[in-house]
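# Understanding the architecture of this molecule
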Amino acid sequence: MSNPNVVSWTSLIAGYIECGEPEKGLNLFETMCRRSIVVPNSFTYSAVVNACSFLADIQSGEKIHARIERLGFQSCVVIGTALINMYGKSNDVAKARRVFDTMAYRNVVSWSSVISVYAQNALGNDALALFGEFIQTVSESPNEFMFSSVISACASLGRLGTGRVAHGAVIRLGYANDVVAGALVDMYAKCGCIGYSDKVFRRIRKPCVIPYTSMIVATAKHGLGKLSLELFKEMLEKGIRPNNVTMIGVLYACSHSGLVDIGLEHLNSMQAKHGIEPNAKHYTCIVDMLGRVGRVDEAHNLAKNTPMDTNDATLLWASLLSASRIHSRLDIAIEAGQRLIELNQQLASVYVTMSNTFASAGEWERVHGLRRTMKQQGLQKEPGCSWVEIKDRTYLFYAGELSRCERVSEVMSLLRELEMRMKERGHVSGNNKGLVFIDVEEEDKDAIVGLHSEKLALAFGLISIPKGMTIRVMKNLRMCFNCHEAFKMISEIVDRDFVVRDLNRFHHFKNGSCTCGDFW
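Residues numbered from 1 in each chain as written. Predicted model: local features only at pLDDT ≥ 70, side-chain atom pairs only at ≥ 80, totals over all residues. Heavy atoms only, no water.

An unreviewed UniProt entry lists the chain under the name DYW domain-containing protein, with Stephania japonica given as the organism.

See below:
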C-alpha cells in the first residue's frame, strides 16, 4: 500500500498481537509514530496496550498510557479497559483501580476487568465488594467473565455461601459454560465440598481441558490422588490434550499421595507424550514429592540442577527446607535456608523453620542466634488464623488471642471438656512432632496447643452449627501434627465430620481418621 491509513496500520498491529507476536505489533506502532503522518486512534492505542499486557511490559505500557492522557483518549472505555487489564497482569492493582475510577463511562466489561484484577491478585474481599457495588448501581447484568472472577474470589476466601448464590445466578442467566464451570469446580473444592465439584463437573456435556484440569487439581488437593490420576486417564482417552497446569495437578496428586514412581514416570514422559516441556513448577512438585517420602538427597540434587527465577526458586527451596527438617537432614536444611535468605523471600517463615530444625537437633545456640537475628531485623512469623462461615458471615480466630474470640467462655469450656475426654482415650497434648516449642514447660505447651486457631474455630463451629452438618474450617498456615491428631479423635468423640483447608491441602476428618492418611 502506497499510503496506508490509520485503519490499515491498526489492522496490521492488531493482527500481529492476535497471532501471538505482540513485540512485532509494538515495533510496528513505534514505526507508525516515527515515519507516518497518520495519527493513531483509540483502536490503535487499545491494541498496543493489549500488546504490553501480553508481554507484561509495564514500562512500555506506562509510556503509552502517558501518551494517551496527553491526547485526551483516557475517557475511551475500550482504552480504559485495556489499561486496567495491562496493570492487572503486571500486578499493579492500585493503578488499575485508578484508571477505573477516572473513566467517565464504564460498561460491564470494564467492571469485569477490575473485579478480575482484584480476584487474580488475592484481594477477594475487594472483588466481592466491587461486585456488590456493580449490582446496586448498574442496570446491566453481570457477564460470564465477571461471574468467573466472583466465583474465584469466593474460592480464595472459602466463602461457600456467596459462591452458592453466584452459582444460582449463573444457572438463571444461562452462563454455565466451560470457563464458569471450571471456576465452580475450583470454588466448591476450595470450600471443602469436593462432592459438589464432582456434580458440577459431571453435568458438563463436553468438558474441555479447563474443567478437567480444575477437577484434577481439586481431587489432588483433597488427597484423592488415585481419582485425580483416573480423571487424567479419562481425559486422555477422550482425546483432550493436557496443558502445563494439568500436569502440575497430576504431579501434585502423586506428591500428596506418595505415588513417587508414577509421578516420576509422568514427569519423564511429558515431552514425548504430550509435547510439554517440564518447567520450574513441575520440578518443584517433584522435589516436594521426593522430600515427603524421605528421598531428600535426590530432591536436593534436583533442586541444585534446576534453573529458575526467584519466585519459582523460593517455592522449590522452601519445599526442600520443610522436607529436610521433617527427616532431620540438618546439612540440607542449612543450605536450603541459606538459599532462601539469599533470595530475600519469606524470611520470617524461613528463620522459624530453620530455628525449629536446629531445636529438633538440640542445637540451642544456633536457635537463639536465629531468634536474635529475627528480632534485630524486625521479622515476625505470620500469626495462625482460622475462620468458619456460618449463614454468610465469616468468624475469624487467631492463635492464642481469646479477646477476639466469639462466645469465648463457651468455646473454652468445650475445649476443656474435649481435652479431658481425649486424655481418657490416651491422647497426649503437646506432642512435639511437626511443632517445636523453645524453652516452654509442659503445662504451657498444653495451653499453647489448645489455643491454636483451628481448635478455637472448631469449638465455635461445634456450638454454632447444627449436628449433622459438616464443619468447614479454613486456615492460613499448615496444620500442626498435634491439632491433626486432636481433630481425628474429636471427630469420633462428637460423631461429626470436619473439613480443614490449610496452606497446602484439605483434611477430611471422620470417625477418628483423616483422608490424608497422616501423609501431608
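### A look at the overall build of the chain
Rules: The numbering of helices and of strands both runs from the N terminus, where a helix is a DSSP run of H or I of at least 4 residues and a strand a run of E of at least 2. Note on method: radius of gyration uses C-alpha positions; expected globular size equals 2.2 Å times residues raised to 0.38. Contacts are assigned to residue pairs that have any heavy atoms within 4.5 Å of one another. Only the protein chains shown count as cover for residues, and all accessible areas are computed by the Shrake-Rupley method using a 1.4 Å probe. Lys and Arg are tallied as positive, Asp and Glu as negative. Neither His nor the chain termini are counted. Throughout, a charge is located at the NZ atom of Lys, the CZ atom of Arg, the CG atom of Asp or the CD atom of Glu.
The secondary structure content of the chain amounts to 26 helices and six strands. Over its C-alpha trace the chain gives a radius of gyration of 26 Å, about what one expects of a compact globule, namely 24 Å for 520 residues. Its C-alpha atoms give the chain principal-axis dimensions of about 90 × 55 × 50 Å. Restricting the contact set of the chain to residue pairs at least 6 apart, pairs at least 24 apart contribute 63%. On the chain, roughly 24,900 Å² of surface is accessible, and the fraction owed to carbon and sulfur atoms is 51%. For the chain, the centre of its 58 positive side-chain charges and the centre of its 54 negative side-chain charges are spaced 3 Å apart.

### Some details on the nonpolar core
Threshold: Take the buried residues of types Ala, Val, Leu, Ile, Met, Phe, Trp, Tyr and Cys, join any two whose side-chain atoms come within 4.5 Å, and each joined set is a nonpolar core. Accessible area is worked out with a 1.4 Å probe on protein chains only. A residue is then buried under 20% of its type maximum, exposed over 50%, and partly exposed in between.
Of all hydrophobic cores here, the largest spans 113 residues; its most connected members are Ile 64 and Met 187. Those residues in contact with Ile 64 that sit more than four places away from it in its chain are Leu 26, Phe 29, Tyr 45, Val 48, Val 49 and Cys 52.

### Brief notes about the pairing of strand S4 (residues 498-501)
Under the convention used in this document: By definition, two strands form a pair when at least two bridges between them are found by DSSP. The path from the first strand over the helix to the second decides the hand: if it runs clockwise while the strands point away from the viewer, the crossover is right-handed.
Residues Phe 498 and Val 500 line one face of S4 and the alternating positions Val 499 and Arg 501 line the opposite face, and both faces are buried. Here four bridges tie strand S3 (residues 471-475) to S4, and the two strands are oriented parallel to one another. Looking at the pairing, Ile 471 lines up with Phe 498 of S4. Running through helix H26 (residues 481-493), the crossover from S3 to the neighbouring parallel element S4 is right-handed. Bridge count between S4 and strand S5 (residues 506-510): four bridges; the pairing is antiparallel. In the sheet register, Phe 498 faces S5, and the bridge partner there is Phe 509. Between S4 and S5, which pair antiparallel in sequence order, lie four residues.

### Quick word on the packing of helix H8 (residues 124-137) against helix H9 (residues 144-157)
Selection criterion: All axes are obtained by fitting lines to C-alpha atoms, using only the stretch in contact for helices, and the reported angles, taken between N-to-C directions, cover 0 to 180 degrees. Note on angle classes: values under 35 degrees are labelled roughly parallel, values over 145 roughly antiparallel, values of 65 to 115 roughly perpendicular, and the remainder oblique. Left-handed describes a crossing whose near helix is turned anticlockwise from the far helix through less than a right angle; right-handed describes the clockwise counterpart. When residues are sorted by character, Ala, Val, Leu, Ile, Met, Phe, Trp, Tyr, Cys and Pro go into the nonpolar class, Asp, Glu, Lys and Arg into the charged class, and all the rest, Gly among them, into the polar class.
Two elements in contact, H8 and H9, have axes whose closest approach is 8 Å; the angle formed by their N-to-C orientations is 140°. Considering their axes alone, H8 and H9 lie oblique with respect to each other. Read as a crossing pair, H8 and H9 show a hand that is left-handed. Along the contact surface, H8 presents Gly 124, Asn 125, Ala 127, Leu 128, Phe 131 and Phe 134, while H9 presents Met 146, Phe 147, Val 150, Ala 153, Cys 154, Ser 156 and Leu 157. The residue makeup of the contact of H8 with H9, split by class, is ten nonpolar, three polar and no charged.

### Considering the state of the cysteines
Counted only if it meets this: In what follows, a disulfide is any cysteine sulfur pair within 2.5 Å.
Under the defined criterion, the tally for this structure stands at zero disulfides. Free of any disulfide, Cys 516 has its nearest neighbouring cysteine sulfur in Cys 514, separated by 3.5 Å. A residue is classified by how much of its surface remains accessible, and Cys 516, at 7% relative accessible area, is buried.

### Comments concerning the packing of aromatic side chains
Test applied: Think of it this way: a Phe, Tyr or Trp ring, Trp meaning its six-membered ring, pairs with another when their centres are within 6.5 Å, and the plane angle makes it stacked under 30 degrees, edge-to-face over 60, tilted otherwise. Lysine NZ or arginine CZ positioned within 6 Å of the ring centre and within 35 degrees of the ring normal marks a charge as sitting over the ring.
Enumeration over the complete set of coordinates arrives at twelve aromatic pairs. For the pair Phe 487 and Phe 509, a centre-to-centre distance of 5.4 Å together with 55° between the ring planes defines the contact as tilted. Note that Phe 487 is positioned in helix H26 and Phe 509 in strand S5, a separation of 22 residues in sequence. For Phe 487, a relative accessible area of 0% puts it in the buried group. Counting every residue linked through ring pairs, the aromatic cluster contains Phe 29, Tyr 45 and Phe 73. The ring centre of Tyr 196 lies 5.3 Å from the NZ or CZ of Lys 199, which sits over that ring. Looking at Lys 221, its charged tip hangs above the ring of Tyr 252, at a distance of 5.8 Å from the centre.

### What about the pattern of salt bridges?
We count it as follows: Every case where a carboxyl oxygen of Asp or Glu lies within 4 Å of a side-chain nitrogen of Lys or Arg is listed as a salt bridge.
Applying the stated criterion across every chain yields a total of 21 salt bridges. Salt-bridge contacts for Glu 492 lead to Arg 425; the nearest nitrogen and oxygen are separated by 3.5 Å. Residue Glu 492 is found in helix H26, and its partner Arg 425 is found in the loop between helix H23 (408-424) and helix H24 (442-450); the two are separated by 67 residues along the sequence. Its salt-bridge partner being Lys 488, residue Glu 485 comes within 3.1 Å of it at the nearest N-O pair. In this pair, Glu 485 and Lys 488 are both assigned in helix H26, three residues apart and thus about one turn of the helix distant. The class for Glu 485 is partly exposed, based on a relative accessible area of 23%.

### Re the sheet that holds strand S2 (residues 393-398)
As summarised here, the arrangement of the six strands in space is S2-S1-S3-S4-S5-S6, forming an open sheet in which the pairing is mixed. Bordering the open sheet on either side are S2 and strand S6 (513-514), each of which pairs with just one other strand.

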